[in-house]
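A structural walkthrough
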Amino acid sequence: MGYRPMSVRSTPALILLFLSLLQPAQTVKHENFKTCSQSGFCKRNRALADRAQAAGASWAAPYELDERTLQLRDGVLTGKIWKTDAGGIELPLQVSLFESGVARVTIDEAQRRAGEITLRHDSKARKERYNEAEKWALVGGHKCQKTAAMETKEGVTTVAYGPDNYEARITHKPFSVQFLRRGEVYVVLNDRNLINVEHWRPKIEKAEGEELTEDEETYWEETFGGNTDSKPRGPESVALDITFPGYDHVYGIPEHATSLSLKETRGGEGNYNEPYRLYNSDVFEYETDSPMTLYGSIPFMQAQKKGSAVGVFWLSAAETWVDVIKTKRNPHALTTEKSSTQTHWISESGLLDVFVLPGPDVTSVYRQYGELTGFTTLPAMFSIAYHQCRWNYISQDDVQDVDRKFDKFDIPYDVIWLDIEHTDGKKYFTWDPLTFGKPESMQKTLAKRDRKLVAIVDPHIKNDGNYAVGKEMVEKGFGVKDKGGDKVYEGWCWPGSSHWVDCFNPAAVDWWKSLFKFDKYIGSTPNLWIWNDMNEPSVFNGPETTMPKDNIHHGNWEHRDVHNINGMSFHNATYEGLKVRLGNGKERRPFVLTRSFFAGSQRSAAMWTGDNQADWPHLQQAFPMLLANGIAGFPFAGADVGGFFGNPSKELLTRWYQAGAFYPFFRGHAHIDAKRREPYLVGEPYVSIIRNAIRLRYSLLPAWYTAFQRASWEGMPILRPHFVVFPDDEAGFAIDDQFFLGDTGLLAKPVVWESATKTTVYFPDDQVYYDYFDFTPYHRKGHHEVPAALEKIPLFMRGGRIIPRKDRPRRSSGLMKYDPYTLVISVSSEGTAGGVLYVDDGETYAHRSGAYIHRAFTFNHGDNALRSENLHPEPEKAAAYNKDMKSVRVERIVVVGVGKGWATKKEVVVKQGSKTWNAKIVYTEGKGGKANTAVVRDPKVSITKDWSVSFM
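As annotated in an unreviewed UniProt entry, the chain is alpha-glucosidase from Tuber magnatum. Checking UniProt for the chain, the heading Subcellular location (unreviewed entry) contains the comment "Endoplasmic reticulum". According to the UniProt record, the Catalytic activity (unreviewed entry) comment for the chain is "Hydrolysis of terminal, non-reducing (1->4)-linked alpha-D-glucose residues with release of alpha-D-glucose."

What follows is the structure, encoded as structure tokens:
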């Protein structure tokens, strides 16, 4: 949520301070955020890369692996690296080789680990390098390959491991690691000798008149924007170059407003001059096509070449910068490929901790990453429907009026949201007594149509002695401390003077969870869910609009060590609070939206792309950002429909709803100063077009939910870029304005350009593609111009898929629970089709005990039959749920792409169990080049049982 002048009971001087800090700007204020040259550790490491480039073959990193120290035990290789240019600094090395083929390389610093350093300024910060990121980002269960075997020969140690002839080939001097699969190198660590572990050193006071070197100027303290970072541990950055030999495209490292295929960052036409920055920040009115940091960080990168995918996960919670270079073969490098993508990773603190994911394909990479950091949680059904929000609905009467208007105009929605103005003076867990005096009544009204309420709860807690939550937090020591480590940190945010809850403290988390109990959060009901905003954390008067890096968290870790995890620690605590508030055995799947995130956030939250603008470039930017999030393991993502800042034109708003219908998280939102723009206000024909777009989303909820279910156990993205579906088609590797929806075969390219009446769609193979709405077939691989008038969404069905949907318009998704299904069969060129449907109660955790339906549908032209078969491995566990769902049937089967011979068919034969009956079929000849169709009306088959429909 962006800034605006605040209402605070304060002195005139403070009011002037807020006005100067919070007045809206037209574009992002670059001067408020560092470039690499203004970030000391980034500047130093980039300069090292420049020196290495200039030196060429004569450059060698001063890091040597001591062969005598190497030991391999149960799949874990340990040893010592010596940093030789500083008198011999010991750097413990550990290489863990997992059964999955994933390898983890960790480098620490011995003297910091042993606490043999002296901190400046009498700081209470921990002395060792931060080593707890894995507690937050990783999940357990990783077994090492105990049969791994080691061989050392002529200064190279080779370890063979894993299920696919994997090797780690470690060169001792200078230290580097090649990872090979079946003899082919796929990732190289320190290929260019840019490794750098800044060791601890005492500050040497300079004699009078003696100047600091350029590096020393930022070793022990650093000033930016009037704030000075005391840096009590001195310089401690870690850096490493990682090369992907033969891979021309790399993706991931969200969150950035950039293309899906990452651009180079060392200049040149169309490239950036700055590295991609990962430092979660409240960037006001962010710009598009930029490597600038945004609200969240996932340091995961995937590399793709024809027929092969690999990944790298850089586990650091500190500020991180990533350079990307695409280059021809370097004669001095270790690789033999003709081209490669070279990356340079630089973090301010912590361990050097990198995971190498061998693939060999995208499905394997996403599964491997999900096994490390967890898979996305299976959300409640309502949360993937449409959400209506603005800053702010001004009263409960306003909320109820919006609720009635949606019904009046026959527009479905599931959730209405309340921003910060609903509270009593920006005190979270409260309600404004004048405007929201009866919150429980309001929630009960929404519940009548199975709708929900989401309220905002941010991590900044108002500094007010009469506010029980704030008072208790301070008294119990649950707030983040300032750099002294004794006093709770005070900064400024929406309430004015604020403190920040420290969710790295387990006791603070338990306390935070308790605040969501119904007897604590007065006025809340089981129908209320939570929005965590501003959790980067955003601090209006802090450096780069966030918390000072030398603040102290639980365990005496500095904020610099944990910054990018801070938001996740907060939304995790909120999620757990919502999960347990009903008591054991009564849990419902929580819904939490977060703005700040890290690797692992997918386990407990959805995200959105923050404070975008109501313009065409931001509409165009949304899909590349959402696709990047999806391949980085966090697919439950969306962008504010209509744009947060400003007032969209009617055309832009309409196109945005058409695009938003394909966001995994689908929410309309607007700034407090924006004009009201609920979809029923825009006038005709726009209201009808928007209504159709939202209804399209609702009709396809079965397909969306099935895609989420696969993501929750295998990690496959919900929105799938072309390279995921067609990994051998290099022509599609850079496409980021069209995508496939799950396993449905639906190819979408929503229009994101002003005044468009047609667009160009790329079909990646020679399979037939049908227009979803009018069944126009497209047969040839390549680019096709298609109609795209304002009322038209370019959406296509790839031949060979069966799409489940629900066609009866309802007011909310909950009211669709027992509605019948329609199956749409897009017949392939070969006359076949297949599809999957997953169904559970969409609310509880009963599916974990087997209470779900999982069906496979197949259509074969050979016997002209459609079949439904069970995929549940333990169907007896679904018996009670099947009984509840026994009345849910398939009411219609639409077969697209049938031959003219179907014109004579009048009935089909339906068989379910021991019973057989007939159902009517209606053939329609396609006019004007459109495909022929046949519709089976009410075959009366159950979604809980095996059955067949014969078209003979």
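Turning our eyes to something else, we now look at the sheet that holds strand β20 (residues 352–357). Strand-to-strand pairing in sheets goes through backbone hydrogen bonds, with the strands running parallel or antiparallel. Taken in spatial order, the eight strands line up as β1-β2-β3-β4-β20-β17-β16-β14 in an open sheet, and their pairing is antiparallel. The sheet terminates laterally at β1 (63–73) and β14 (249–252), the two strands that pair on one side only. With direction set aside, neighbouring strand axes in the sheet form an average angle of 20°. In terms of strand pairing, strand β2 (residues 76–83) meets strand β3 (residues 89–97) through eight bridges, oriented antiparallel. Its bridge partner being in β3, Leu77 is matched across the sheet by Val95. Of the strands in this sheet, β16 (300–305), β17 (308–314) and β20 touch helix α5 (residues 362–373), which is tilted by about 20° from β17.

With that settled, the discussion passes to the state of the cysteines. Under the definition given, this model contains one disulfide. A disulfide bridge connects Cys36 with Cys42, and the sulfur atoms are separated by 2.0 Å. Negative torsions about the S-S bond denote left-handed disulfides, and the value of about -100° found for Cys36 with Cys42 makes this one left-handed. As far as burial versus exposure is concerned, Cys36 and Cys42 are alike and both buried. Cys493 takes part in no disulfide bond, and the closest cysteine sulfur, belonging to Cys503, lies 15 Å away.

Look at helix α9 (residues 506–514) against helix α10 (residues 559–580): their axes get within 8 Å of each other, and the N-to-C directions meet at 50°. With respect to α10, the element α9 is oriented oblique. Our pair here, α9 against α10, has a crossing hand that is right-handed. Contacts between α9 and α10 involve Val509, Trp512 and Lys513 from the first element and Phe570, Ala573, Thr574, Glu576 and Gly577 from the second. Considering only residue class, the contact of α9 with α10 consists of four nonpolar, two polar and two charged.

Definitions and cut-offs
- Residues numbered from 1 in each chain as written.
- Predicted model: local features only at pLDDT ≥ 70, side-chain atom pairs only at ≥ 80, totals over all residues.
- Heavy atoms only, no water.
- UniProt positions renumbered as here; feature names shortened; annotations may be inferred.
- Pairing = 2+ DSSP bridges.
- Helix = DSSP H or I, 4+ residues; strand = E, 2+ residues; numbered from the N terminus.
- Axes fitted to C-alpha atoms, helices over the stretch in contact; angles between N-to-C directions.
- Contact = heavy atoms within 4.5 Å.
- Disulfide = S-S within 2.5 Å.
- Buried < 20%, exposed > 50% of the residue type's maximum accessible area, 1.4 Å probe, protein only.
- Parallel < 35°, antiparallel > 145°, perpendicular 65-115°, else oblique.
- Left-handed = near helix turned anticlockwise from the far one by under 90°.
- Nonpolar A, V, L, I, M, F, W, Y, C, P; charged D, E, K, R; others polar.

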